[in-house]
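These are the residues of each chain, in order.
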There are 2 protein chains.
Amino acid sequence: MSDSAQDSVSQDSRTLADRVFARLQDDIVLGALPPGTKLGETELAARYGVSRGPLREAIRRLESRKLLERVPHVGTRVASLKASDLIEIYRVREALEGMAARLAAENMTDAEVAGLRELLSQHEQQQDLKEDTAYFQREGDLDFHYRIIQGSHNRTLIDLLIGEIYHLVRMYRYQFSMTANRPQKALGEHRRIIEAIESRDGEMAELLMRRHISRARENIEANNT
Amino acid sequence: MSDSAQDSVSQDSRTLADRVFARLQDDIVLGALPPGTKLGETELAARYGVSRGPLREAIRRLESRKLLERVPHVGTRVASLKASDLIEIYRVREALEGMAARLAAENMTDAEVAGLRELLSQHEQQQDLKEDTAYFQREGDLDFHYRIIQGSHNRTLIDLLIGEIYHLVRMYRYQFSMTANRPQKALGEHRRIIEAIESRDGEMAELLMRRHISRARENIEANNT
DNA sequence: CCCTGATAGATTGTCAACAATCCCCCTTGA
DNA sequence: TCAAGGGGGATTGTTGACAATCTATCAGGG
């Protein structure tokens, strides 16, 4: 994954609690700790080489992000996700990323727009090669969405999507081993979104982004019913 | 405020950390701890009668909700909010509550719709009395929005709006002593939104809700430039 | 007079021990 | 055989002390 798709707390964070938060989050999102895993505090503290104090602070933060489920006096386990949850998340993505696309069309700098266009070209080349590009497509898709979100220049929106929603989306992808099952169509939709942004048509950009995510949701619904 | 607008952790939560989290959140949102206040851990621990362990867990959770700003090794202070932040939040509200209204039109039970209509009638009566109903209008407005959000029947969306966004909105309202400066118009807009929901027109409900929140945002922008 | 650097105090970060709660399982009785 | 109750063990919740870091103050030199 490229750096632009990363938001983990940098490895040299000043406090143990921040570091263990970042490491624990990665272990959850990337699947090292499968969903439903019971997380004993003593065991985890040993695993990360910290005491239970900082660990519990990290757990409370990950609980806020819905990556962990905690029951008082009982314990904490990795969030176990149902398909219906993913569909709910896609409704939220449709709303938020639609707004992000609108704001990106209005607020992105010309340099940012050029970079986005450049990214699309790379994806189209990979597509032409017909290689096994599933991994790169998957992360490339995220990269595309990340850039538009950042382009909204709305800090609240960026933090919500990248800080809270996308970790869940990534966890789902790893959990279900979801490969992009409509890469050709998705690429075309990306192209039209960029065109709308280039012509600074916020309304059109929002419409296209919403349709793009809505179709992805329908695709999920079709494969899980 | 009516119970439906409350989501605070109930007072008899099982753990100290949960209780202090709820109390600290109320103190921040309701203004007992003004924005910018430096929060010393020892001092706070004494105030709430707990040790620093549970307190720090509560702080980390409130930091996730953007109610607190923390700098490692320096300290924690109550989030100090700029008008531009509020405008960013209203963009997010426009997107999320628009979606909520759409889903509410599709998913609300008939009983929920009837309750919403009942609530509107109460607000219209208060309006007719021409009393000093600023407080009730303000909280009543929140109640209206809360109900539609709940009516979406989308747990992810509900948690996002009520668990993370609305605390910030309420804090702003207290902080800026914002009184509804267009109650008449807002009430009319509420009525049209309910009509759309009653006729199960999700697209129209979303459009009207977005316009409603967008106008509130423009109103804020006009008063802060 | 202003800038630099060291020091002292206070505050935050971390840890390990103690207390409270829950869960499992076994006994006991119908 | 099965249900109800209690006890042991393990896990979580909480605390107070110790260590690390920052900030404010003040002395000294330019």
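Figured I'd write up the structure that's included with this text. (Residues numbered from 1 in each chain as written. Chains lettered and ligands numbered in written order. Predicted model: local features only at pLDDT ≥ 70, side-chain atom pairs only at ≥ 80, totals over all residues. Heavy atoms only, no water.)

## Thoughts on the overall build of chain A
On a plain count of helices and strands, chain A comes out with nine helices and three strands. In chain A, the succession of helices and strands from N to C terminus is α-β-α-α-β-β-α-α-α-α-α-α. Within chain A, the proportion of its 225 residues that are buried is 50%. Here the analysis covers contacts within chain A between residues at least 6 apart in sequence; of these, 76% occur between residues at least 24 apart. Of the roughly 10,200 Å² that chain A leaves accessible, carbon and sulfur atoms contribute 48%. (Helix = DSSP H or I, 4+ residues; strand = E, 2+ residues; numbered from the N terminus. Buried < 20%, exposed > 50% of the residue type's maximum accessible area, 1.4 Å probe, protein only. Contact = heavy atoms within 4.5 Å. Areas by Shrake-Rupley, 256 points an atom, 1.4 Å probe, with all protein chains shown as cover.)

## Quick look at the sheet that holds strand 1 (residues 38-39) of chain A
Residues and elements named next belong to chain A. On the basis of which strands lie adjacent, the open sheet formed by three strands has the order 1-3-2 and antiparallel pairing. Each end of this open sheet is capped by a strand with a single partner; those strands are strand 1 and strand 2 (68-71). Where strand 2 lies against strand 3 (residues 75-78), four bridges are found, and the strand directions are antiparallel. Residue pairing for strand 3: Arg70 is matched across the bridge by Thr76. (Pairing = 2+ DSSP bridges.)

## Let's talk about the interface of chain A and chain B
In this complex, chain A contributes 36 residues to the contact, which on the side of chain B involves 36 residues. Contact between chain A and chain B buries roughly 3,000 Å² in total, counting both sides, with carbon and sulfur atoms accounting for 54%. Together, Glu57, Arg60 and Glu88 of chain A form the three largest contributors to the area buried by chain A at its contact with chain B, with a combined 19%. For the pair chain A and chain B, the number of links is twelve salt bridges. Across the pair Arg210 of chain A and Glu206 of chain B runs a salt bridge, and its minimum N-O distance is 2.7 Å. For the interface between chain A and chain B, the tally reads 16 residue pairs in polar contact (both at pLDDT 80 or more). Within the residue set of the side of chain A that touches chain B, elements represented by two or more residues are helix 1 (16-29), helix 3 (52-64), helix 4 (83-107), helix 7 (155-175) and helix 9 (202-223) of chain A. Examining the composition of the side of chain A that touches chain B, we find that twelve residues originate from one element, helix 4 of chain A, more than from any other. Of the residues assigned to the side of chain A that touches chain B, the class counts are eleven nonpolar, six polar and 19 charged. (Buried area = accessible area lost by both parts, 1.4 Å probe. Salt bridge = Lys/Arg side-chain N within 4 Å of Asp/Glu carboxyl O. Polar contact = N/O pair within 3.5 Å; in protein donor to acceptor, adjacent residues only side chain to side chain. Nonpolar A, V, L, I, M, F, W, Y, C, P; charged D, E, K, R; others polar.)

## Description of the protein's contact with DNA strand D
Taken together, 20 residues are adjacent to DNA strand D, and Glu41, Arg52 and Arg56 of chain A together with Leu16 and Ser51 of chain B come closest. Arg70 of chain A is positioned with one of its side-chain polar atoms (N or O) 3.2 Å from a phosphate oxygen of DNA strand D. A distance of 2.8 Å separates a phosphate oxygen of DNA strand D from a polar side-chain atom of Ser51 of chain B. For the surface near DNA strand D, the secondary-structure elements that each account for two or more residues are helix 3 of chain A together with helix 1 (16-29) and helix 3 (52-64) of chain B. No other element matches the three residues that helix 3 of chain B contributes to the surface near DNA strand D. A class-by-class count of the residues in the surface near DNA strand D yields eight nonpolar, six polar and six charged. (Near = heavy atom within 4 Å.)

## Quick look at the protein's contact with DNA strand C
Around DNA strand C sit 20 residues, and of these Leu16 and Ser51 of chain A together with Glu41, Arg52 and Arg56 of chain B come closest. Counting only the atoms of DNA strand C within 4 Å of the protein, the fraction contributed by sugar and phosphate is 73%. Here a phosphate oxygen of DNA strand C and a backbone polar atom of Ser51 of chain A are 3.0 Å apart. Contact distances for DNA strand C include 3.1 Å between a phosphate oxygen and a side-chain N or O atom of Arg70 of chain B.

## Considerations on helix 8 (residues 183-198) of chain A
Over its 16 residues, helix 8 of chain A runs 22 Å from end to end, which matches the ideal 22 Å to within 8%, given 1.5 Å per residue. Of the positions making up helix 8 of chain A, those classed as buried are Ala186, Leu187, Glu189, His190, Ile193, Ile194, Ala196 and Ile197 of chain A. (Expected span 1.5 Å × (residues − 1).)

## Side note on the side chain of Glu57 of chain B
Summarising the element assignment, Glu57 of chain B is placed in helix 3. Separated by 2.3 Å, the side chains of Glu57 of chain B and Arg60 of chain A make a polar contact. The contacts of Glu57 of chain B, once residues within four sequence positions are left out, are Arg56 and Arg60 of chain A together with Ala17 of chain B.

## Concerning the packing of aromatic side chains
Within the structure shown, the criterion is met by two aromatic pairs over all chains. When the centroid spacing of 5.1 Å and the interplanar angle of 45° are considered together, the rings of Tyr146 of chain A and Tyr166 of chain A count as tilted. Taken together, the positions of Tyr146 of chain A in helix 6 (residues 134-151) and Tyr166 of chain A in helix 7 put the pair 20 residues apart, joining distant regions of the chain. Directly above the aromatic system of Phe21 of chain A lies the positively charged group of Arg61 of chain A, at a separation of 3.9 Å from the ring centroid. It is Arg93 of chain B that lies over the ring of Tyr90 of chain B; its NZ or CZ is 4.9 Å from the centre. (Phe/Tyr/Trp six-rings, centres within 6.5 Å; stacked < 30°, edge-to-face > 60°. Lys NZ or Arg CZ within 6 Å of the ring centre and 35° of its normal.)

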